[in-house]
2 protein chains.
Amino acid sequence: MATEKIKAFAPATLSNICVGFDVMGLAIEEPGDEVLASRHASPGAHILSTNHEKIPFDPKLNTASVAVQAMLEKYGDPALGIGLDIIKKMPVGTGMGSSAASAAAALVAANALLGDPFRKIELLEFAVIGEKAADGATHADNVAPSLLGGLMIIRSLSPVDVVQLPIPGELYIGLLFPHITILTKEARGILRPEVPMKQFIQQTANMGAFVSALYREDWELMGRSLVDLVIEPQRAKLIPFLDEVKKAAYQAGALTCSISGAGPAIFSFAKGKSNITRVAQAVEEVMNGLNIPYDFHISRINQKGSVVMEGK
Amino acid sequence: MATEKIKAFAPATLSNICVGFDVMGLAIEEPGDEVLASRHASPGAHILSTNHEKIPFDPKLNTASVAVQAMLEKYGDPALGIGLDIIKKMPVGTGMGSSAASAAAALVAANALLGDPFRKIELLEFAVIGEKAADGATHADNVAPSLLGGLMIIRSLSPVDVVQLPIPGELYIGLLFPHITILTKEARGILRPEVPMKQFIQQTANMGAFVSALYREDWELMGRSLVDLVIEPQRAKLIPFLDEVKKAAYQAGALTCSISGAGPAIFSFAKGKSNITRVAQAVEEVMNGLNIPYDFHISRINQKGSVVMEGK
C-alpha cells in the first residue's frame, strides 16, 4: 500500500519592491516549487529527497523542514512524523524567494495531510521560522506572498498583521533571472545598519505614495514613487550590469526596474502586456549583448499563493 | 481713497502624523492666521504690521514676506511692492504650523491682489522658500496642507508632487496645545542624523499600512499603524507630560496620540465625535491635574486650505 502523499505548489515571489525593504512582497504565477508531504515513522519533519544539490538534507537547516517542524510543535502531537520531498522548479539564491517557496509548499502540503488544522494565515508564523533558518533574519516578505498570494505589506509578524494591497488589472511583471549567484547572507551583510535621515524621509514618502497609486490606479505616480534610494544603491555593485538593464527597461516603458530581494533577479513593472513585452525585448537584448545566460518571465500577480496540487 | 487690501485665512496644520516625518501633514478647521495684502510703493514684500511680538519685521526673516518676495520674483515685475499685515490667531512655535499658515495666507492674499496669476499648487514652491527662512530646512508638511487643505503626502518638492489622501468621514482630530514653548530648530537639532535599519523598516511598513487603512476606512489598522518609532521617542523628553497624555488618550479611545510637528502640540485621532469628546475630557483631566495651561481644539480635516476672506 502506497503511503499517501500530498503535493503542494508555492509560487516564486518578489520582495522589497523598491520601497518596502523586508516588509513588501508579491507572488508571481511561475516559476515555483512543489513539495510532497507524507507520514513518516519517526517523529518530526524529515527531508526525504530533493532535486537540487544545494538543498540541505539536515532538517535543522532546511527551511521547509524547519517550518513543518514548527507546525508540528504547535499541533502538539510529539509522535507525529512528516516526510518531505522537495521538487525545486526554480533556481536557488536568486532573490525570487526560493527557500520561502519550499517552506510555503511544505506547510500547505503537510497541513493538508493533517486535515488542515491550521488556516493559511496561521501557517505564516511557521514559515517565518523556516526563513530564519535560511538567512538568520526574521522577515516574511517572501514567505507571506508565497503562502497567501497577492501584493502585500507585512506590517507585523507578532501578532501577524498582513495588509493586502489592491492589484491594478493591467499590472504586468517582467522578471529577469541572470545566471549568476548572490547569497542572501552576503547581500544582507553589505547593508549599513543605519539609514541617513534624508533617505528615510524620502523612502517613507515613496511608500505612502506607491500605496496610494495602487488604490487610485495612478500609473504615473506608481512610476515616480517606485524608486529605491536606500537598499538598491548598496547592493548594486553585486550586479555589475544592473544599470544597463535598468536603463533599457525604463527606455522601453517600464514603470520601475529594480533588484528583487537580495538579487540577482531584477524585476520590472509595466502597464499592459504590450509594454511588458517591449521591456522584455529590451532587457534580453542587453543580456544577449553581455553574453550572460538568463531566463526572463512575464507574469501577473498570483493571487492564490500556495495550493494543494493533487494527492498521489 | 483707501488702498485695496485683500485678506486671506490659512489654517493651522498638523505634521509628521506619526509615520510621515517631513512629508505628511493635514489641515484643521481652526485656529489659523489671517494676512492682509496691499500694494506698496517700494518694490518687494514688506511687513506692515503684526499682532505678535515674536513675528520678525525684517522681511528677510519673516516666512510670509520671504514667500511673497519669491512669488514677486517669479512674477517678474521688479517695481512691484506688496505690504503685509499679519494677524496671528494661533500661537507661535507650537507644532501647529504657525509660520507656515502666515506664509500660506500671505501668498493667497498677495496672489489675489495681483489677479491670481498663479494657481494654488504653484504657490507651494514660494511657501517652501518661506518655510526655509523659518527653520532652515526645506519641507512642506505644514505649508502644503495649510495652502491646499486635506491630508497629504508631499512626495517631492522639485518638481512638486503632492498626493492627497482619502479622508474617512468620521475622522475627528483632538488637538492639545499646552502653553509651553519648543523651538522648531531645537526640536530638529535633537534628532540623530541616521535612523536604525530596524526602525526604518517598521516605519516604512506603517506608512504603507496607514495609507491603505485610509482607503479602506479600516480604523483598527489605522490605529495599529499610526505609531512613531523614529521621531517621537527622540523628542519626547521635550514634553515631560507626553506619556501621561498619550496614556489617557488611548484609554479614552484614541486611535493614535502623538506629537504634532516639533511639538509641544499633541494630536489625537478618533472615530466619531463621541469618541473624540471622550479623548478631550481625558486629556484635559491630565492637564488640569498638572496645572499646565492649555487649549484643546476638536476639529475635522479642513479640505479647503487657505482662502480669500474678503476685500476691504
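Here the structure is a predicted model, which means the values were calculated and not measured.

## Here's the deal with the overall build of chain A
No. 1: Counting its secondary structure elements, chain A contains 10 helices and 12 strands.
No. 2: In terms of C-alpha radius of gyration, chain A reaches 19 Å, essentially the compact-globule figure of 20 Å for 312 residues.
No. 3: Counting only C-alpha atoms and orienting by the principal axes, one finds that chain A spans roughly 60 × 40 × 35 Å.
No. 4: Going through the 312 residues of chain A one by one, you find that 61% of them count as buried.
No. 5: Long-range contacts, defined as pairs at least 24 residues apart, comprise 74% of the intrachain contacts of chain A with a sequence gap of at least 6.
No. 6: On chain A, roughly 11,800 Å² of surface is accessible, and the fraction owed to carbon and sulfur atoms is 52%.
No. 7: Of the charged side chains in chain A, 28 are positive and 32 negative; the average position of the first set lies 2 Å away from that of the second.

## Notes on the domain arrangement of chain A
Residue and element names in this part refer to chain A.
No. 1: Considered domain by domain, chain A is made up of domain 1 (5-165) and domain 2 (171-299).
No. 2: Taking the mean C-alpha position of each, domain 1 and domain 2 sit 25 Å from one another.
No. 3: Between domain 1 and domain 2, the residue contacts involve 31 residues of the former and 35 residues of the latter.
No. 4: When domain 1 packs against domain 2, close to 2,500 Å² is buried across both sides, 69% of that on carbon and sulfur atoms.
No. 5: Sorting the residues of domain 1 by area buried against domain 2 places Cys18, Val19 and Phe21 first, and these three jointly supply 26% of that buried surface.
No. 6: Where domain 1 touches domain 2, the interface holds zero salt bridges.
No. 7: For the pair domain 1 and domain 2, the number of links is eight residue pairs in polar contact (both at pLDDT 80 or more).
No. 8: Counting only elements with at least two residues in the side of domain 1 that touches domain 2, the list comes to strand 1 (5-16), strand 2 (20-39), helix 3 (120-135) and strand 5 (151-157).

## Remarks on empty space enclosed by the protein
No. 1: One pass over the structure, following the stated rule, counts two cavities of 30 Å³ or more.
No. 2: The volume enclosed by the largest cavity comes to roughly 40 Å³.
No. 3: Among the elements of the structure, helix 8 (232-235) and strand 9 (256-259) of chain B are those that each provide at least two residues to the lining of the largest cavity.
No. 4: In this model, the second largest cavity occupies a volume close to 30 Å³.
No. 5: Lining the second largest cavity are A:Asn16, A:Asp228, A:Ile231, A:Glu232, A:Arg235, A:Ser258, A:Ile259 and A:Gly261.
No. 6: For the lining of the second largest cavity, the elements supplying multiple residues, two or more each, are helix 8 (232-235) and strand 9 (256-259) of chain A.
No. 7: Class assignment of the residues belonging to the lining of the second largest cavity gives a composition of two nonpolar, three polar and three charged.

## Digging into helix 10 (residues 273-290) of chain B
Residue and element names in this part refer to chain B.
No. 1: Look at helix 10: 26 Å from first C-alpha to last across 18 residues, which is about the 26 Å you get at 1.5 Å a residue.
No. 2: Buried within helix 10 we find Ile276, Val279, Ala280, Ala282, Val283, Val286 and Met287.
No. 3: Next to the buried residues of helix 10 lie strand 7 (171-178), helix 9 (242-251), strand 10 (266-271) and strand 11 (294-299).
No. 4: Following helix 10 by one or two positions, Asn291 adopts a phi angle in the positive range, close to 65°.

## Points about the sheet that holds strand 11 (residues 294-299) of chain A
Residue and element names in this part refer to chain A.
No. 1: In space, the four strands of this open sheet follow the order 9-10-7-11, with antiparallel pairing throughout. Both edges of this open sheet fall to strand 9 and strand 11, since each of them pairs with a single strand only. Ignoring strand direction, the axes of neighbouring strands in this sheet form an average angle of 15°.
No. 2: Relative to strand 11, strand 7 (residues 171-178) runs antiparallel, the two sharing six bridges. The partner of Pro178 across the bridge, within strand 11, is Tyr294.

## A short note on helix 9 of chain B
Residue and element names in this part refer to chain B.
No. 1: Of the positions making up helix 9, those classed as buried are Leu242, Val245, Lys246, Ala248 and Ala249. End-on, the buried residues of helix 9 take up no more than an arc of 165°, which puts them together on one face. Along helix 9, the residues that are exposed and aim more than 90 degrees away from the buried face are Asp243, Lys247 and Gln251.
No. 2: Packed against the buried residues of helix 9 are strand 7, helix 8, strand 9, strand 10 and helix 10.
No. 3: Downstream of helix 9 by one or two residues, Gly253 has phi in the positive range, about 110°.

## With respect to the interface of chain B and chain A
No. 1: Contacts between the two partners involve 37 residues from chain B and, on the opposite side, 37 residues from chain A.
No. 2: Here chain B is connected to chain A by 15 residue pairs in polar contact (both at pLDDT 80 or more).
No. 3: Where the side of chain B that touches chain A is concerned, the elements lending two or more residues are strand 2 (20-39), strand 5 (151-157), strand 6 (160-164), strand 8 (194-196), helix 6 (197-216) and helix 7 (219-225) of chain B.
No. 4: By residue number, the principal contributor to the side of chain B that touches chain A is helix 6 of chain B, which donates 15 residues.

## Section: the environment of B:Pro166
Residues and elements named next belong to chain B.
No. 1: Locating Pro166 in the fold gives a position in the loop between strand 6 and strand 7.
No. 2: For Pro166, a relative accessible area of 24% puts it in the partly exposed group.
No. 3: Residues Pro166 and Ile82, spaced 84 residues apart in sequence, show a C-alpha to C-alpha distance of 37 Å.
No. 4: Beyond its immediate chain neighbours, meaning those up to four positions away, Pro166 contacts Leu151, Leu214 and Tyr215.

## Some points on the confidence of the model for chain A
No. 1: Averaged over chain A, the pLDDT score is 93; the fraction of residues at 70 or greater is 96%.
No. 2: Scored by ipTM, the complex comes to 0.94, with pTM at 0.95.

## Here we look at the relation of the copies chain B and chain A
Superposing the two chain copies requires a rotation about an axis and a translation along that axis.
No. 1: Rotating chain B by 180° and translating it 0.0 Å along the rotation axis places it on chain A, where the RMSD comes to 0.0 Å. Put plainly, the chains are arranged around a two-fold axis.

## Observations regarding the pairing of strand 4 (residues 81-87) of chain A
Taken residue by residue, a regular strand's side chains alternate between the two faces of the sheet.
Residue and element names in this part refer to chain A.
No. 1: The element strand 4 is largely enclosed, with a buried count of six among its seven residues.
No. 2: Note that strand 2 and strand 4 share six bridges and pair antiparallel. Of the residues in strand 4, the one forming a bridge with Ser38 is Gly83.
No. 3: A crossover connection joins strand 3 (residues 44-50) to the parallel strand 4 through helix 1 (residues 63-75); in handedness this β-α-β unit is left-handed.

## Considerations on the pattern of salt bridges
Note that side chains of opposite charge can pair when their charged atoms are close.
No. 1: Evaluation of the coordinates by the stated rule reveals 22 salt bridges over all chains.
No. 2: With its nearest N and O atoms 3.6 Å apart, the salt bridge here joins B:Glu194 to A:Arg192. Of this pair, B:Glu194 sits in strand 8 while A:Arg192 sits in the loop between helix 5 (184-189) and strand 8 (194-196), which puts the two residues in different chains.
No. 3: Its salt-bridge partner being B:Arg119, residue B:Glu122 comes within 3.7 Å of it at the nearest N-O pair.
No. 4: Here B:Glu122 falls in the partly exposed class, since its relative accessible area comes to 30%.
No. 5: Within this structure, A:Lys7, A:Glu34 and A:Lys89 form a network of salt bridges that share partners.

Reading the values: the criteria
Residues numbered from 1 in each chain as written. Chains lettered and ligands numbered in written order. Predicted model: local features only at pLDDT ≥ 70, side-chain atom pairs only at ≥ 80, totals over all residues. Heavy atoms only, no water. Helix = DSSP H or I, 4+ residues; strand = E, 2+ residues; numbered from the N terminus. Rg over C-alpha atoms; globule rule 2.2 N^0.38 Å. Buried < 20%, exposed > 50% of the residue type's maximum accessible area, 1.4 Å probe, protein only. Contact = heavy atoms within 4.5 Å. Areas by Shrake-Rupley, 256 points an atom, 1.4 Å probe, with all protein chains shown as cover. Lys, Arg positive; Asp, Glu negative; His and termini not counted. Charge placed at Lys NZ, Arg CZ, Asp CG, Glu CD. Domains from an automatic or database assignment. Buried area = accessible area lost by both parts, 1.4 Å probe. Salt bridge = Lys/Arg side-chain N within 4 Å of Asp/Glu carboxyl O. Polar contact = N/O pair within 3.5 Å; in protein donor to acceptor, adjacent residues only side chain to side chain. 1 Å grid on protein atoms, 1.4 Å probe; cavity = no way out; pocket = protein on both sides within 12 Å on 5 of 7 lines; lining within 4 Å. Points joined across faces, edges and corners; volume = space filled by probe spheres on them. Nonpolar A, V, L, I, M, F, W, Y, C, P; charged D, E, K, R; others polar. Expected span 1.5 Å × (residues − 1). Pairing = 2+ DSSP bridges. Axes fitted to C-alpha atoms, helices over the stretch in contact; angles between N-to-C directions. Arc of directions from axis to C-beta. pLDDT = per-residue confidence, 0-100. Least-squares fit on C-alpha atoms with pLDDT ≥ 70 in both. Right-handed = clockwise from strand over helix to strand, strands pointing away.

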